[in-house]
Amino acid sequence: MRDSALAGVGAPARASHERRRYHRALARFKRHKMAVVGAVFLALVILVAAAAPTLTPYRFDRQDLLATYSPPSARHWAGTDSLGRDVLSRLMYGARVSMSVGVMTLLLVLAIGVPMGVTAGYFGGTFDLLLMRLVDVIYAIPYLLLVVLLQTFFTAFLPTVRAGPLVWLHALNRNTNGIAAIVMALSLIGWLDVARIVRGQVLALRHREFVQGARSLGAADAHIMVAHLLPNIAAPIIVMATLLIPNFIIAEAGLSFLGLGVQPPLPSWGTMIAEGIDSIESYPRLVIAPALILAATLLSLNFVGDGLRDALDPVMER
Amino acid sequence: MGAYLLRRLLLAIPTIAIVYTVAFLLVHATPGGPWDNAEKPLAPQVIENIRIKYHLNDPLWKQYLLYLNDALHGSLGPSYVNTARDVSEIIADFFPVSIQLGAVAMLFAVVVGIPLGTLAAVYRNTPVDYAAIGVVVTGISIPNYVMATILVTTLAVWLHWLPTGGWGGVWDIRILIPTVAIGFRPATTLARYLRTSLLEVLGQDYIRTARAKGLAGRKIIVRHALRNALVPIATISGILVADVITGSFFVETITRVPGIGRYFVTATTGRDYPVLLALALLFGVIIITMNILVDLSYAALDPQVRYS
């Protein structure tokens with residue numbers, strides 16, 4: 001926050017200041033052992049997710065009905081499932097699904113929520129009031145229930161779109177095996193969370209000296225919002241973003257578990273858990289493998305989020 | 001207090017109305033129903049009869065008011081799948097199981113969450129605190145369906161200590177796994193908020209006064225600090241209840257508990273839209289009622305709330 005007060009100071013001084021700040025933040029992050037472990041694990045998951053098509057030993061939907069439920073072996077490191085599909089390959093594609101839903105939803109909710117939150121917090125008034133009422137009402141309904149309703153709607157509605165302006169959405173959803181619908185359902189509600197938090201941050205800043213100063217110098221509202229307010233709320237937004245991703249991943253796996261998410265044969269960790277439940281007594285590994293990997297990914301994201309919070313915003317109370 | 005109660009109830013009406021409208025529009029915008037079977041299409045005349053039976057040919061506003069009128073008179077309309085029965089009867093059948101499980105899970109959350117949060121705050125920045133924070137992060141990270149899967153696999157499949165699923169009432173051991181799976185996350189949420197709230201209270205003057213008077217440490221924590229720290233915690237009850245409700249969808253399905261959560265899941269996959277609408281309304285009303293109760297207890301505990 002002090003930086004913006006220094007905005008008028010020469011650029012070189014600012015650059016070195018920024019670098020020092022970055023190094024301090026990095027040092028603080030590294031102090032968190034769990035955050036570092038989480039970051040490493042996450043990097044691995046992201047790598048696997050990105051390279052899944054070339055890394056996987058088999059295609060995720062390749063069935064071998066002569067080798068169903070085979071135990072882990074040299075050919076199938078994590079064994080095969082009820083249709084003889086390679087579990088390792090499916091787990092790797094599951095990472096791809098989880099990560100894409102997490103990141104795409106995040107981008108979408110930030111793109112909607114940040115401008116909404118900043119304008120509501122900065123101008124206040126009727127728009128702010130309406131936004132907060134909307135947040136109140138949406139919070140009265142359990143998040144997942146609303147997502148399930150939206151997703152039920154999308155999965156039934158999108159395939160019926162055969163013409164008109166939404167036909168590309170239908171195609172996109174079919175080509176992504178339902179991921180597009182999930183991302184839409186999640187972001188349609190998720191942006192409110194972002195807007196609420198961003199609004200709170202802006203409210204706390206808008207009467208600060210540097211904002212008043214910029215205004216008295218004749219800066220336009222849009223300029224103040226973009227050049228002065230946004231940089232100062234960047235740190236809490238980054239922290240919030242890392243802590244939002246796990247929610248989206250939980251919701252995607254949950255929807256897929258219920259059969260409302262990713263369309264087969266594309267595997268999601270949630271689908272894999274649901275498929276394995278019926279045979280849990282004979283083949284618990286089919287359930288426990290996706291469950292543990294999902295848990296480890298979510299834990300890593302939370303550790304990284306906590307580490308980032310301490311690194312970027314040391315004053316923030318835990 | 002009477003005026004406050006009235007104001008609070010009046011505020012709840014538009015909220016419930018909006019919940020109803022949103023759920024109604026979403027459900028009615030969703031095309032088709034369980035009879036849309038690509039392999040065995042029904043005769044057009046049959047479908048037409050179904051549409052007449054469920055008033056689907058009426059204008060939307062008429063359906064909206066008709067349903068509202070029925071709902072206010074205790075009838076939530078016939079189910080699409082279980083055609084002979086009214087949705088309210090189905091709820092009456094399955095809901096009691098979920099209430100029992102939900103109550104036990106909530107009890108678990110309180111019994112585990114309060115000591116966990118208290119220990120973390122009292123032993124701040126010691127290994128006890130770090131261990132408690134570790135449990136809290138685990139609880140926040142791991143969704144209930146993963147928790148349920150891990151519990152069933154370890155306790156039932158590998159160790160054979162418990163059955164893998166089923167239901168036998170509150171006193172049956174089969175309730176243990178779903179209770180922990182549903183209640184773990186609310187427990188850690190509670191612990192996290194309580195830790196912060198208690199740390200704040202422990203820094204207050206009256207705690208120092210109590211200590212100066214020579215009161216025993218345990219007595220200060222329980223009689224003075226905890227009591228005050230729990231008041232702001234009441235506001236998160238709504239979150240906890242929402243968590244228990246959505247938890248029941250997954251956990252009841254995994255552990256084969258014949259509750260309303262599991263029925264809800266069957267209704268989504270079976271495209272039983274009247275059931276979806278009714279349950280969305282039911283869950284919304286529960287949470288709104290819960291929030292009102294919280295506000296009222298808040299107002300009773302802290303007179304300042306009533307006058308603001």
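Residues numbered from 1 in each chain as written. Chains lettered and ligands numbered in written order. Predicted model: local features only at pLDDT ≥ 70, side-chain atom pairs only at ≥ 80, totals over all residues.

Draft legend 1. Broad picture of the overall build of chain B. Across its full length, chain B carries 13 helices and 0 strands. Each helix (α) and strand (β) of chain B, taken in turn from the N terminus, gives the series α-α-α-α-α-α-α-α-α-α-α-α-α. Oriented by its inertia axes, the alpha-carbon framework of chain B measures out at about 85 × 55 × 30 Å. Long-range contacts, defined here as pairs at least 24 residues apart, represent 75% of the contacts in chain B between residues at least 6 apart. (Helix = DSSP H or I, 4+ residues; strand = E, 2+ residues; numbered from the N terminus. Contact = placed C-beta atoms within 7 Å.)

Draft legend 2. Quick peek at the overall build of chain A. Per the secondary structure count, chain A includes 12 helices and 0 strands. The order of helices and strands in chain A, counted from the N terminus, is α-α-α-α-α-α-α-α-α-α-α-α. Each of the three principal axes of chain A carries a C-alpha extent, and together these read 75 × 50 × 30 Å. For chain A, contacts bridging at least 24 residues in sequence account for 70% of all contacts bridging at least 6.

Draft legend 3. Representation of the nonpolar core within the structure. In this structure, Val147(A), Leu149(A), Ile273(A), Ala148(B) and Ala280(B) are the most contacted members of the largest nonpolar core, which totals 157 residues. The contacts of Ile273(A), once residues within four sequence positions are left out, are Phe257(A), Val287(A), Pro290(A), Ala291(A), Tyr145(B) and Thr149(B). (Core = buried A, V, L, I, M, F, W, Y, C linked by C-beta atoms within 7 Å. Buried ≥ 20, exposed ≤ 12 C-beta atoms within 10 Å, placed from the backbone.)

Draft legend 4. Up close: the interface of chain A and chain B. Contacts between the two partners involve 34 residues from chain A, matched on the other side by 37 residues from chain B. For the side of chain A that touches chain B, the secondary structure elements donating two or more residues are α6 (143-157), α10 (221-257), α11 (269-277) and α12 (285-312) of chain A. Ranked by residue count, the leading element in the side of chain A that touches chain B is α6(A), at 9 residues. Here the residues of the side of chain A that touches chain B sort into 28 nonpolar, 5 polar and 1 charged. (Nonpolar A, V, L, I, M, F, W, Y, C, P; charged D, E, K, R; others polar.)

Draft legend 5. How the structure looks around helix α10 (residues 237-254) of chain B. Residues and elements named next belong to chain B. Here α10 spans 25 Å end to end across 18 residues, near enough to the 26 Å set by a 1.5 Å rise per residue. Taking the largest bend as the criterion, α10 deviates by roughly 35°, centred on Ser248. Among the 18 residues in α10, 16 count as buried, and that is most of the element. Immediately beyond the C-terminal end of α10, within one or two residues, lies Arg256, with a positive phi of roughly 55°. (Expected span 1.5 Å × (residues − 1). Bend = angle between axes of the 7 residues up to and from the residue.)

Draft legend 6. Geometry of the packing of α10(A) against α11(A). All names here are of chain A. Axis separation between α10 and α11 bottoms out at 7 Å; the angle between their running directions is 35°. For the pair α10 and α11, the crossing hand works out as right-handed. Where α10 abuts α11, its residues Glu252, Ala253, Gly254, Leu255, Ser256 and Phe257 lie against Trp269, Gly270, Thr271, Ile273 and Ala274. Within the contact of α10 with α11, the residues separate by chemical class into 6 nonpolar, 4 polar and 1 charged. (Axes fitted to C-alpha atoms, helices over the stretch in contact; angles between N-to-C directions. Left-handed = near helix turned anticlockwise from the far one by under 90°.)

Draft legend 7. Spotlight on the confidence of the model for chain B. With 95% of its residues at a pLDDT of at least 70, chain B reaches an overall mean of 84. The ipTM, which scores confidence in the relative placement of chains, is 0.84 for this predicted complex, and the corresponding pTM is 0.86. (pLDDT = per-residue confidence, 0-100.)

Draft legend 8. Spatial organisation of the environment of Gly259(A). Here Gly259(A) shows up in the loop between α10 and α11. C-alpha separation for the pair Gly259(A) and Ala274(A), spaced 15 residues apart in sequence, amounts to 8.2 Å. Each residue touching Gly259(A), except ones within four places of it in the same chain, is listed here: Ala274(A) and Thr269(B).

Draft legend 9. Seen up close, the environment of Leu107(B). Examined against the element boundaries, Leu107(B) turns out to sit in helix α4 (residues 87-122). Residues Leu107(B) and Phe95(B), 12 residues apart in the sequence, show an inter-C-alpha distance of 18 Å.

Draft legend 10. Region of interest: helix α3 (residues 33-55) of chain A. Along α3(A), the sharpest change in direction is near 45° and occurs at Ala49(A); proline Pro53(A) comes one to four residues later. Every buried residue belonging to α3(A) is among Ala35(A), Gly38(A), Leu42(A), Val45(A) and Ala49(A), and all of these are buried.

Draft legend 11. Local environment of the confidence of the model for chain A. Residue and element names in this part refer to chain A. Averaged over every residue, the pLDDT of chain A is 84; residues scoring 70 or more account for 93%. Averaged pLDDT values for the elements of chain A fall to 45 in helix α1 (residues 2-5) and rise to 92 in helix α4 (residues 87-123). Throughout residues 1-10 the model reports pLDDT below 50, and contacts reaching past four residues in sequence, or to other chains, amount to 8 contacts.

Draft legend 12. Region of interest: the environment of Asn57(B). Residue and element names in this part refer to chain B. Following the sequence through the fold, Asn57 ends up in the loop between α2 (44-53) and α3 (60-72). With 28 residues separating them in the primary sequence, Asn57 and Ala29 have C-alpha atoms 14 Å apart. Once you skip the residues sitting within four places of it in the chain, Asn57 turns out to touch Arg51 and Ile52.

Draft legend 13. Inspection of unusual backbone geometry at higher detail. Pro264(A) connects to Pro265(A) through a cis peptide bond whose omega is 10°. Structurally, the position occupied by Pro265(A) is in the loop between α10 and α11. Within the chain, His160(B) stands out as a residue other than glycine whose phi angle is a positive 60°. Residue position: His160(B) is located in the loop between α6 (144-158) and α7 (176-202). Positioned with a positive phi, Arg256(B) is a non-glycine residue whose angle comes to about 55°. Structurally, Arg256(B) can be placed in the loop between α10 and α11 (260-269).

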